[in-house]
Amino acid sequence: MARERNYVSEAVMRRMPKYYRYLTDMEKTGIERVSSKELSQRMGLTASQIRQDFNCFGGFGQQGYGYNVSELRQEIHKILGLHNEHHVIVIGAGNLGQALANYTGFEKDGFLVKSLFDINPRLIGMSIRGIPIHDVDEMENYIKENQVDIAAICTPKEKAQEVAERLIRGGVKGIWNFAAVDIVVPNNNDVVVENVHLSDSLYTLTFQMSGE
Ligand code: NAI
């Protein structure tokens, strides 16, 4: 039976991957059952917060039993869309683009990097872990002819918006942006952008250290 999904706030959405990560680790260490109190202690949340979060999805667990770790992990796996395979392309095959292509860890969750694109003639024609680097001028054609679910933007920030617009025109629905600029997408389409600003995270760390 399909679960009823209520309104899911940004804050709840941001916590779901963390639940998944903790439950995956717990399952690996052989933990079969967990109460919301125990889960809250591990994750630094309150038990009522956890119950409220899960209520957005129709609620999990049983009064007096808690949660079955594997079943809960499986439900969240589905909620996160991880039951689908995702084909990924990377735009900008420099340091970060190559690092993403070299990282095999995403594959176990079904994220498959299929191709990289760049403007640099010295990179075009090379491959990273067997994944080809194509000329970015071939990107639109590639998108038309192949399944592309997610595009990771790893270009200099000055090029990121323009690259995003080309990707959106080509029909890509998921943009994972690493350039230090917030990608703007038109309101009237169903494209989702996730900006990953590593420097924001670093500045948050130094802000907390500065004590000013
Ligand atoms: P990089 O300079 O090594 O690579 C950028 C690549 O993009 C180059 O190969 C370049 O030829 C290519 N490129 C330029 N214009 C393009 C276009 N219009 N279409 C396709 N490819 C194009 O830079 P790096 O270090 O890989 O960084 C990439 C982005 O990620 C930057 O915006 C940077 O600020 C950001 N970033 C990188 C981090 C890192 O750890 N390397 C950390 C945080 C952010």
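Now for a description of the structure that goes with this document. Just so it is clear, the model here is predicted, and its values are computed rather than measured.

## A few points about the environment of S201
Position of S201 among the secondary structure elements: in helix 8 (residues 198-210). Taking the C-alpha atoms as reference points, S201 and H86, separated by 115 residues in sequence, lie 26 Å from one another.

## Comments concerning the packing of aromatic side chains
Scanning the entire structure with this criterion turns up seven aromatic pairs. On the basis of an interplanar angle of 85° and a centroid distance of 5.4 Å, the ring pair of F54 and Y67 is categorised as edge-to-face. One end of the pair, F54, is in helix 3 (residues 47-55); the other, Y67, is in strand 2 (residues 67-68), and 13 residues separate them in sequence. Residue classification places F54 among the buried positions, given a relative accessible area of 1%. Residue classification places Y67 among the buried positions, given a relative accessible area of 4%. With a centroid separation of 4.8 Å and 65° between ring planes, the pair formed by W176 and F178 is classed as edge-to-face. Exposure remark for W176: the relative accessible area of 25% places this residue in the partly exposed category. Overall, F178 belongs to the buried group, its relative accessible area being 16%. Put simply, the rings of Y19, F54, F60 and Y67 pair up and form one aromatic cluster.

Conventions we followed
- Residues numbered from 1 in each chain as written.
- Predicted model: local features only at pLDDT ≥ 70, side-chain atom pairs only at ≥ 80, totals over all residues.
- Heavy atoms only, no water.
- Helix = DSSP H or I, 4+ residues; strand = E, 2+ residues; numbered from the N terminus.
- Phe/Tyr/Trp six-rings, centres within 6.5 Å; stacked < 30°, edge-to-face > 60°.
- Buried < 20%, exposed > 50% of the residue type's maximum accessible area, 1.4 Å probe, protein only.

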